[in-house]
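# Structural overview for review
Residue strings, one per chain:
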Amino acid sequence: MAETQLRTLSGQVGIVAGTDVAALRDRLRGTLVGPEDPGYDDARAVWNGLVDRRPGLVLRCAGTADVILAVTFAREHDLVVTVRGGGHNTGGSAVADDALMIDLSAMKGVRVDPGRRTVRAEGGVTVGELDHETQAFGLAVPMGVISRIGIAGLTLGGGFGWLRRRYGLCCDNLVGADVVTSAGTLVRAGTDGDADLLWGLRGGGGNFGVVTSFDFQAHPVGPDVYFAYVLHRGEDARAALRFYRDWARGAPDEVAAIATLWHNPEQDEVPEAEQGRPGLAFMAMHCGDPAAGAEALRGLRDFGAPLADLSAVQPYLAAQRLFDADYAAGEMRGYWKSRYLDALTDEAVDAIVTLNEASPSTQSNLDVWQLGGRYARFTPDDAAYGDRSAAYLIGIEGKWTDPGVDGDGIAWGRRVFDVLAPFSTRAEYVNFPGLYEDNPALVRAAFGGNLDRLRALKKRYDPDNMFRFNHNIPPD
Ligand SMILES: Cc1cc2nc3c(=O)[nH]c(=O)nc-3n(C[C@H](O)[C@H](O)[C@H](O)COP(=O)(O)OP(=O)(O)OC[C@H]3O[C@@H](n4cnc5c(N)ncnc54)[C@H](O)[C@@H]3O)c2cc1C
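Residues numbered from 1 in each chain as written. Predicted model: local features only at pLDDT ≥ 70, side-chain atom pairs only at ≥ 80, totals over all residues. Heavy atoms only, no water.

### Notes on the side chain of Asn173
- Here Asn173 is to be found in the loop between α6 (164-167) and β10 (174-180).
- Within the structure, the side chain of Asn173 is placed 2.9 Å from the backbone oxygen of Tyr167, a separation counted as a polar contact.
- What Asn173 contacts, discounting residues up to four positions off in sequence, is Val141, Pro142, Tyr167, Gly168, Asp215, Phe216, Gln217 and His219. (Helix = DSSP H or I, 4+ residues; strand = E, 2+ residues; numbered from the N terminus. Polar contact = N/O pair within 3.5 Å; in protein donor to acceptor, adjacent residues only side chain to side chain. Contact = heavy atoms within 4.5 Å.)

### Things to note about the packing of helix α12 (residues 346-357) against helix α14 (residues 406-419)
- Packing of α12 against α14 brings their axes to within 11 Å, and their N-to-C directions diverge by 170°. Overall, the two elements α12 and α14 adopt an arrangement that is roughly antiparallel. Listed contacts from α14 to Ala351, Leu355 and Asn356 of α12 are Trp412, Arg415, Val416 and Val419.
- A breakdown of the residues in the contact of α12 with α14 according to their chemical character gives five nonpolar, one polar and one charged. (Axes fitted to C-alpha atoms, helices over the stretch in contact; angles between N-to-C directions. Parallel < 35°, antiparallel > 145°, perpendicular 65-115°, else oblique. Nonpolar A, V, L, I, M, F, W, Y, C, P; charged D, E, K, R; others polar.)

### Here's the deal with the domain arrangement of the chain
- Each assigned domain of the chain is listed with its residue range as follows: domain 1 (4-103), domain 2 (110-220 + 447-461) and domain 3 (224-440).
- On a C-alpha basis, the centres of domain 2 and domain 3 stand 24 Å from each other.
- Taken together, the contact between domain 2 and domain 3 spans 38 residues of the former and 42 residues of the latter.
- Roughly 3300 Å² is buried in total at the junction of domain 2 and domain 3, and carbon and sulfur atoms are behind 58% of that figure. (Domains from an automatic or database assignment. Buried area = accessible area lost by both parts, 1.4 Å probe.)

### Notes on the pattern of salt bridges
- By the definition in use, this model includes 36 salt bridges.
- A salt bridge links Asp52 to Arg44, with the nearest nitrogen and oxygen atoms 2.7 Å apart.
- Residue classification places Asp52 among the exposed positions, given a relative accessible area of 56%.
- According to the relative accessible area criterion, Arg44 is buried, its value standing at 12%.
- Close ionic contact of Arg333 with Asp406 constitutes a salt bridge, the shortest N to O distance being 2.8 Å. Highlighted residues: Arg333 in strand β19 (residues 333-341) and Asp406 in helix α14, separated in sequence by 73 residues. The exposure classification of Arg333 matches that of Asp406, with both residues buried. (Salt bridge = Lys/Arg side-chain N within 4 Å of Asp/Glu carboxyl O. Buried < 20%, exposed > 50% of the residue type's maximum accessible area, 1.4 Å probe, protein only.)

### Concerning unusual backbone geometry
- The step from Gly222 to Pro223 runs through a cis peptide bond, and the omega angle for that step is 10°.
- Within the secondary structure, Pro223 sits in the loop between β13 (219-220) and β14 (224-233).
- Although it is not a glycine, Arg426 sits at a positive phi angle of roughly 80°.
- Structurally, the position occupied by Arg426 is in the loop between α14 and α15 (439-447).

### Quick notes on the site of the ligand
- Every one of the 35 residues lining the ligand counts as a neighbour, but Gly85, Gly87, Ser93, Phe160 and Tyr429 are closest to it.
- Burial of the ligand by the surrounding chains reaches 98%, relative to a free accessible area of 950 Å².
- Ranked by residue count, the leading element in the shell around the ligand is helix α5 (residues 151-157), at four residues.
- Here the shell around the ligand is composed, by residue class, of 19 nonpolar, 15 polar and one charged. (Near = heavy atom within 4 Å. Areas by Shrake-Rupley, 256 points an atom, 1.4 Å probe, with all protein chains shown as cover.)

### Some words on helix α16 (residues 451-461)
- Turning to α16, its buried residues number three or more, namely Leu451, Leu454, Leu457, Lys458 and Tyr461. Buried residues along α16 cover an arc of 120° about the axis, so they all sit on one side.
- Residues of α16 that are buried in the fold lie against β11 (186-190), α7 (195-201) and α15. (Arc of directions from axis to C-beta.)

Structure below.
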């Protein structure tokens, strides 16, 4: 192999001798993919089609031994690395120009212990793959609402899904982890190892090393759940969002809802004249008995005169995949940010509806996630993830497929973020990071009072900041 350009800890691009790269390749069980190799373009592609970066090398790990070899190689050559789980980070943090990418996407092992209701999953597993294994035993781990996301980045940043108000975030259900640190050693995070490290992994991201496997607490869910899915006209969006605000206060913990401001989808149930026009949809899962779910979600269905009501009892697995088609990897280009709101005032409702109407892309949406319940009862001592007092998370999902919309799409996302600032707590969700252009501000806003403890942990596990392509916590 010819000499390879790789980015070093100082930020410069250095040259690594071909013999060193060849020696690394010989020792791997997985594969090493360089710019000249077939498969390089697939290996560097991530979910966000806006992100077009060229790593120096991609090391596709087959197991923990390969991860240790990768980190050791990086340490010996003073390199920075990126880490890839499911490749769905919207800021594209899994890939950086000239960096060594440690790719875990081939590490798919999952083992469920039905007796203990625990699950061990390797770093390349996706939400859908984990759900598939756990549902075989009538169990589920709280995961995200799209099945193709990686469990790794999702969990390490928090992880909002339909079970959040009953069982908390993904990270709240992380009970242990195996981590390869920047020293190239395997450490255990958890009560059977470093409990402080486990705390840091619950929201603190990929700052402390490469997580090769995650241990989760699972819960009885399904096989069927009640899922409410009700679409309203744009003219009714303000009234619907005000209704949602009042309805959400009285919902039991089994219910988790999102009110989405979007443009009505092109699907048969939506009258043709309304397709592509601004609208609002209620989406909500009740994770307990479906009959109780139908009752608990009745109010959401009874409001106003919907365009369409697609609510139904359905398999939990189907509900977890319901919106996958709207998020095709590679085709979709995106700019995602967030705001947390204590309250949905009439002014905030008006702003959200107006901003949606002004979107340059009919594929974008503004999601008003209902918080509270079990999610809100975890404390800053339980998880590095920050403050939980807000009643709503606003997911600002700028997305489009036409490259011609790039400039306007990003500008719209920024504008929504700015306009909603006065209504918000000023905290942010690290997994909706824009393109990381505000990384220090994002980290301060997200972690607040937990930042000093995270810094100390970072200094202990990654003093040279080898793992910096993430929501980065600078060492002390
Ligand atoms: C279509 C789509 C749907 C989404 N839906 C939701 C949702 O429902 N709820 C929600 O909360 N968020 C959601 N998100 C945001 C999602 O949580 C983040 O994008 C998350 O980073 C994706 O994780 P990943 O493993 O796929 O990402 P990757 O891009 O592979 O990784 C992201 C970062 O995580 C770190 N990382 C990944 N794997 C490891 C590892 N094994 N060890 C150490 N560090 C690692 C690295 O820093 C890496 O750069 C969604 C995003 C998309 C694109």
